[in-house]
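Breakdown of the fold
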Protein chains: 2
Amino acid sequence: MKLITSFDEMRDAVKEHRRAGDSIGLVPTMGFFHAGHVSLMESADHENDMVVVSIFVNPTQFGPGEDFEDYPRNLDRDMEMAEQAGADYIFHPAVEDMYPRPYLTYISVEDITEGLCGAKRRGHFTGVATVVAKLFNIIPADRAYFGLKDAQQVRVIEKMVEDLNFNIEIAKCPTIRESDGLALSSRNMYLNGEERSAAAILYRSLQAAGEMISRGERDASAIIAGINKLLDSEELIEPEYVEVVDYRLLHPLEELRGEVLIALAARVGKARLIDNLLINLAQSPD
Amino acid sequence: MKLITSFDEMRDAVKEHRRAGDSIGLVPTMGFFHAGHVSLMESADHENDMVVVSIFVNPTQFGPGEDFEDYPRNLDRDMEMAEQAGADYIFHPAVEDMYPRPYLTYISVEDITEGLCGAKRRGHFTGVATVVAKLFNIIPADRAYFGLKDAQQVRVIEKMVEDLNFNIEIAKCPTIRESDGLALSSRNMYLNGEERSAAAILYRSLQAAGEMISRGERDASAIIAGINKLLDSEELIEPEYVEVVDYRLLHPLEELRGEVLIALAARVGKARLIDNLLINLAQSPD
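Residues numbered from 1 in each chain as written. Chains lettered and ligands numbered in written order. Predicted model: local features only at pLDDT ≥ 70, side-chain atom pairs only at ≥ 80, totals over all residues. Heavy atoms only, no water.

Before going further, it helps to spend a moment on the pairing of strand β9 (residues 258-268) of chain A. All names here are of chain A. With 9 of its 11 residues buried, β9 lies for the most part within the structure. Where strand β8 (residues 237-246) meets β9, 9 bridges bridge the pair, whose relative direction is antiparallel. Residue pairing across strands places Glu-238 opposite Arg-267, the latter belonging to β9. Pairing of β9 with strand β10 (residues 271-281) involves 11 bridges; the strand directions are antiparallel. Looking at the pairing, Gly-258 lines up with Leu-281 of β10. (Buried < 20%, exposed > 50% of the residue type's maximum accessible area, 1.4 Å probe, protein only. Helix = DSSP H or I, 4+ residues; strand = E, 2+ residues; numbered from the N terminus. Pairing = 2+ DSSP bridges.)

Listed below in C-alpha cells is the structure:
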C-alpha cells in the first residue's frame, strides 16, 4: 500500500491502473477508522482491481463551533487498518492543496439538504458535495463507497452524481454497529462510560419503530412519538430531530410507503450522534 | 460528422476514441454559429485528434425576462458549419435530459461572479458553471475551447476547473470581429441597420482606451471616462457598465497593472452586447 499526498502522483497512479484495464474503487473518508470504514474498504476491494482510500478531514463541511479542530486523527493506525482491509493507496492531501486561496467554487444540492441534519448544519452538505466532487475529479473511479449511517449524505451525493453526470457508481453500504446496536462513528470516542451506555437507546428506539412497522403501523406521527418516548426515557440523550421521510427526496411523510427513511440526531454529552433505519415498504394497495 | 443526442452514445464515442489513444477537444456552444465559433472549432481541430462541438441553449443561464425563448437556433446550418470546421461529433442533448426533474444541483463560483455581467445577470454564471461541469463529465476532454469575448465566463470556468480539480485544459481564443470591429455574437442578429452601425462604437471606444494606455495612461477612472464619452456620443447605445478590473479576480483597479481587463456591456435596441480588451502590462516599477 502506498501513501500519496500529491495530486499529480495520484492522477498518475490512477492513469497507470486505467491503462492496465483495472477497475477502480474509491472510499472517501475523514480517517480515524473503525469497523464501518473497514467494511467499506472490504467491499471496494471485493468489487475492484484497485482501491484508493482518501483520508481528508474536510474543513468546509464543519460549521462554526463544530469539531473540526477536535476531530480525531490517527494516520499511522489508519494506514495499518486500510492495508489490512485491502487498500492499494491512501490519498491524504493537505488542506492548503485542496483549498488554495482564494478558493471560490462550491456545489449546492438544493431541497434535500434543507431538512434532517441540513437544518441545523447549514452549509454542511455544500462542503460534503464540493469535496466529494473534487475527489471524483482527482480520482476518477468506477465506484465510490459510502456508509448508510450518513443516509442524507449518501442521498446528496447520489443526487449530485445524477445531476452533474458524474460517471461513477455510488455503492451504499450498511451501517456497522456495536453489540448493543450503537452505530459505529468516529465521534463515539467523545462519549464517557455513562453516555456510551445511554447512547444505545438511539438504535433501540429505531428497532422499536421497525417492530411497530412490522405490526402494520403506517402513521408517521405514531412512529415518531414511539421513538421520542424511548429517547425521553434516557436523561443523557438530548434529541435534535426524529423524522420519517421518503428516501428519494427526503420530504416528510405522513403515511409510510415506498422507500422510507426514519432518521434521528441527538446530542449525547459532547457528541452529536445520528442513526437511521431505511425500510422498503411495498406501495399501499389503496 | 455525427449528430449525437444521447448521453450514453456520447460517452461510448469518447471511450472508443480514448481507447484508440486519441486526444479530445470540446467546444461548448449555444449554437447559431458565426466565425467566432468556427475559429474555436478550428483551434480544437488543430490541437486534438477528435473534436466534439456541443450545442445546447442552456436555460439555467438565462434569467427571468431574458431571451431564452428568442435565442436564435439553426441546427442544420450549424451542422454544416461545424463539419466544415473539422468537428467529428455534434452533441445536442434535450433540455429534459440535461435537467430531469427534480433537478437540484448547482455550482457557484463566488466573488468573481459578483461584478461585471454578474451584477445584472444574477444566477447567470451559476447556470454557466453548472452546465459546463455537466458537459465536462459527459465528455471528459483534454481541452475545452472558449472565446474571450465572454471574458468573465472564461475566467469563471478557469476558476471552477482549478477549484474542483477538473482534469481539463481551458483554451482561451481571441474575439473574432466584423470589419468595423464589432465583436461577433449570435445576439447581433437582434440589431436593425441603424443599431448595427451604432454598435461599432463599443469596440472603437475600447480601441481608444488601448491607445490611451499605449500613450502611458494608467489611471482607471481616466480610461473609463474616455470610454463613456465615446459611448455617450451614440444615441442608440445605452451603457450598462464600463469597468477596469484585474483579470484574475475581476476586482476593480484604480491603477492599471498586470493583466488588465477593460470590459463593457450596453443595450443596443433589443440586444445586450458585451465586449472587452485584455491587456498584459508589465508591473509598474514603483
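The discussion continues.
What follows deals with the interface of chain B and chain A. Between chain B and chain A, the residue contacts involve 27 residues of the former and 27 residues of the latter. Around 2500 Å² of area is buried between chain B and chain A when both sides are counted, 52% of it from carbon and sulfur atoms. Our enumeration of links across chain B and chain A arrives at 0 salt bridges. Summed over the shared surface of chain B and chain A, the result is 20 residue pairs in polar contact (both at pLDDT 80 or more). (Contact = heavy atoms within 4.5 Å. Buried area = accessible area lost by both parts, 1.4 Å probe. Salt bridge = Lys/Arg side-chain N within 4 Å of Asp/Glu carboxyl O. Polar contact = N/O pair within 3.5 Å; in protein donor to acceptor, adjacent residues only side chain to side chain.)

All names here are of chain A. Looking at the assigned domains, one finds that chain A contains domain 1 (2-173) and domain 2 (186-277). Spacing between the C-alpha centres of domain 1 and domain 2 amounts to 26 Å. Tallying the contact residues gives 24 residues for domain 1 and 18 residues for domain 2. Around 1900 Å² of area is buried between domain 1 and domain 2 when both sides are counted, 54% of it from carbon and sulfur atoms. The interface formed by domain 1 and domain 2 includes 1 salt bridge. Residue Asp-67 pairs with Arg-187 through a salt bridge whose shortest N-O separation is 2.9 Å. Here domain 1 is connected to domain 2 by 9 residue pairs in polar contact (both at pLDDT 80 or more). Contributing elements (two or more residues each) for the side of domain 1 that touches domain 2: α5 (117-120) and α7 (151-164). Here the side of domain 1 that touches domain 2 gets 5 residues from one element, more than from any other, and that element is α7. Counted by class, the side of domain 1 that touches domain 2 contains 10 nonpolar, 4 polar and 10 charged residues. (Domains from an automatic or database assignment. Nonpolar A, V, L, I, M, F, W, Y, C, P; charged D, E, K, R; others polar.)

The subject of this paragraph is the relation of the copies chain B and chain A. Placing chain B over chain A gives an RMSD of 0.0 Å and needs a rotation angle of 180°, together with 0.0 Å of translation along the axis. Expressed as an axis order, the relation between the two copies is that of a two-fold axis. When C-alpha positions in chain B are compared against the rotation axis, the closest is assigned to Ile-107 of chain B, at 2.3 Å. The overlap is high: 100% of the interface residues of chain B also sit at the interface in chain A, so the same surface is used on both sides. (Least-squares fit on C-alpha atoms with pLDDT ≥ 70 in both.)

Attention now goes to the nonpolar core. Residues Met-10, Phe-136 and Met-160 of chain A together with Met-10, Phe-136 and Met-160 of chain B are the most contacted members of the largest nonpolar core, which totals 106 residues. Beyond its immediate sequence surroundings of up to four residues, Phe-136 of chain B is in contact with Leu-26, Ala-144, Phe-146, Ile-157, Met-160, Val-161, Phe-166, Ile-168 and Ile-170 of chain B. Ranked by size, the runner-up nonpolar core spans 36 residues in total, among them Ile-201, Leu-202, Leu-206 and Ile-227 of chain B. (Core = buried A, V, L, I, M, F, W, Y, C linked by side-chain atoms within 4.5 Å.)

Right, let's get into the sheet that holds β9 of chain A. Residue and element names in this part refer to chain A. Taken in spatial order, the 3 strands make up an open sheet running β8-β9-β10, and their pairing is antiparallel. The open sheet has two edge strands with one neighbour each: β8 and β10. This sheet shows a mean twist of 15° between the axes of neighbouring strands, independent of strand direction. Along the sheet, helix α9 (residues 200-214) contacts β8, β9 and β10; its crossing angle with β10, the most-contacted strand, is approximately 20°. (Axes fitted to C-alpha atoms, helices over the stretch in contact; angles between N-to-C directions.)

Let us look at α7 of chain A. All names here are of chain A. For α7, which comprises 14 residues, the first-to-last C-alpha distance of 20 Å matches the rise-based estimate of 20 Å (1.5 Å per residue) to within 8%. The element α7 is largely enclosed, with a buried count of 13 among its 14 residues. Count one or two residues on from α7 and you reach Asn-165, which has phi positive near 60°. (Expected span 1.5 Å × (residues − 1).)

Turning our attention to unusual backbone geometry. In this structure, the amide linkage connecting Arg-101 of chain A to the following residue, Pro-102 of chain A, adopts the cis form with an omega of -10°. Along the chain, the position of Pro-102 of chain A falls in the loop between α4 (95-98) and β5 (105-109). The backbone phi angle of Phe-32 of chain B is positive, close to 50°, even though this residue is not glycine. Within the secondary structure, Phe-32 of chain B is located in the loop between β2 (24-29) and α2 (35-47). Positive phi is not limited to glycine here, since Leu-250 of chain B has a value of about 55°. Secondary-structure assignment places Leu-250 of chain B in the loop between β8 (237-246) and β9 (258-268).

This paragraph deals with the sheet that holds β8 of chain B. Residue and element names in this part refer to chain B. Read across the sheet, 3 strands follow the order β8-β9-β10 without closing on themselves; strand pairing throughout is antiparallel. At either end of the open sheet lies a strand with only one pairing partner, and these are β8 and β10 (271-281). Averaged over all adjacent pairs, the angle separating strand axes in this sheet is 15°, with direction ignored. Against the sheet, helix α10 (residues 220-232) contacts β8 and β9, and its axis sits at roughly 160° relative to β8.

Moving on, we come to the packing of helix α9 (residues 200-214) of chain B against α10 of chain B. Residue and element names in this part refer to chain B. Where α9 contacts α10, the axes come no closer than 9 Å and their chain directions differ by 150°. Considering their axes alone, α9 and α10 lie roughly antiparallel with respect to each other. The element α9 and its partner α10 pack so that their crossing is right-handed. Where α9 abuts α10, its residues Ile-201, Leu-202, Arg-204, Ser-205, Leu-206, Ala-208, Ala-209, Met-212 and Ile-213 lie against Ala-222, Ile-223, Gly-226, Ile-227, Leu-230 and Leu-231. Residues that form the contact of α9 with α10 fall into these classes: 12 nonpolar, 2 polar and 1 charged. (Parallel < 35°, antiparallel > 145°, perpendicular 65-115°, else oblique. Left-handed = near helix turned anticlockwise from the far one by under 90°.)

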